[in-house]
Amino acid sequence: YHTFDERKLKELKLASAKAIFFLGGEGEEKKYLVSKKKHSKKCSGKDKKWEFPGGKIDKKEKTLPALERELKEEDTSQILHKTLQKLSKENSNQVKYKIVKLKDKTLHAIFLLPLKRTYWRALENFYKQNKTTNLETYGFLTISEGNLVEAEGHESLWTPKSLKILKALRKDKTISK
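Residues numbered from 1 in each chain as written. Predicted model: local features only at pLDDT ≥ 70, side-chain atom pairs only at ≥ 80, totals over all residues. Heavy atoms only, no water.

Let us look at the pairing of strand β2 (residues 31–37). Across the seven residues of β2, five count as buried, placing the element largely inside the fold. As paired elements, strand β1 (residues 16–23) and β2 share two bridges and run antiparallel to each other. Bridging across to β2, Leu-23 finds its partner in Lys-31. Note that β2 and strand β7 (residues 137–144) share seven bridges and pair antiparallel. The residue bridging Tyr-32 from the neighbouring strand is Ile-143, located in β7. Of the strand pairs in this sheet, β2 and strand β3 (residues 50–51) are connected by two bridges, and their pairing is antiparallel. Within the sheet, the bridge partner assigned to Lys-36 lies in β3 and is Trp-50. (Buried < 20%, exposed > 50% of the residue type's maximum accessible area, 1.4 Å probe, protein only. Helix = DSSP H or I, 4+ residues; strand = E, 2+ residues; numbered from the N terminus. Pairing = 2+ DSSP bridges.)

Structure (structure tokens):
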């Protein structure tokens, strides 16, 4: 991730930035991190549904700082925020992103980020041991690559926006069956 990318992303007037953290290396089935969404309006259809961490980019905000802010808000443990910071500073070549355009013409930056198993275990333990008062999530879980690829067969598990993003990624051949 480089500063010239940030300027390019800023010009696109992105609506949101989402992080798809993955676990697993070469030859292993990948697992993907999703948030179990907490929504104040239980009837909204979003409560207890899966979504990728991240969210809206404010008008004057840069993309990566917006994603960092959203991760801070969503993850009380701060493990995901610190992982993103570390990757963007030390291993910028591991921070990959894709721009997806949804049917409503909005553009979204989707970051694909490796997550070490030790960080996942720490995150999992944090949410098991702490009663969090986070307003945005019940916690995090990992899903198999199959559940990511076959999202259309699991519509009832995903928030509407996440499902649209997954469909856009599949259409763009970023995710294939």
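Past the structure itself, the notes keep going.
Where like charges cluster on the molecular surface, the positive patch consists of Arg-7, Lys-10, Lys-13, Lys-59, Lys-60 and Lys-62. Within the secondary structure, Lys-13 is located in the loop between α1 (3–11) and β1. Given the relative accessible area of 71%, Lys-13 is considered exposed. (Patch = residues over 30% accessible without salt bridge, like charges linked within 9 Å, V, L, I, M, F, W, Y side chains within 5 Å. Areas by Shrake-Rupley, 256 points an atom, 1.4 Å probe, with all protein chains shown as cover. Salt bridge = Lys/Arg side-chain N within 4 Å of Asp/Glu carboxyl O. Lys, Arg positive; Asp, Glu negative; His and termini not counted. Charge placed at Lys NZ, Arg CZ, Asp CG, Glu CD.)

Secondary-structure assignment places Glu-70 in helix α2 (residues 63–74). Within the local environment of Glu-70, its side chain forms a polar contact with the side chain of Arg-69, the two groups lying 3.1 Å apart. Among residues more than four places away in sequence, those in contact with Glu-70 are Gly-54, Gly-55, Lys-56 and Glu-136. (Polar contact = N/O pair within 3.5 Å; in protein donor to acceptor, adjacent residues only side chain to side chain. Contact = heavy atoms within 4.5 Å.)

In this structure the tally under the stated criterion is five aromatic pairs. Judged by centre distance (5.3 Å) and plane angle (45°), the ring pair of Phe-52 and Trp-158 falls under tilted. In this pair, Phe-52 sits in the loop between β3 and β4 (54–56) while Trp-158 sits in the loop between α5 (145–149) and α6 (160–171), placing the two residues 106 residues apart along the sequence. Exposure class is identical for Phe-52 and Trp-158. Each is buried. Ring centres of Tyr-127 and Phe-140 lie 5.5 Å apart, and the angle between their planes is 70°; on these two criteria the pair is classed as edge-to-face. Of this pair, Tyr-127 sits in helix α4 (residues 117–129) while Phe-140 is found in strand β7, placing the two residues 13 residues apart along the sequence. By the burial criterion, Tyr-127 is buried, and Phe-140 matches it. (Phe/Tyr/Trp six-rings, centres within 6.5 Å; stacked < 30°, edge-to-face > 60°.)

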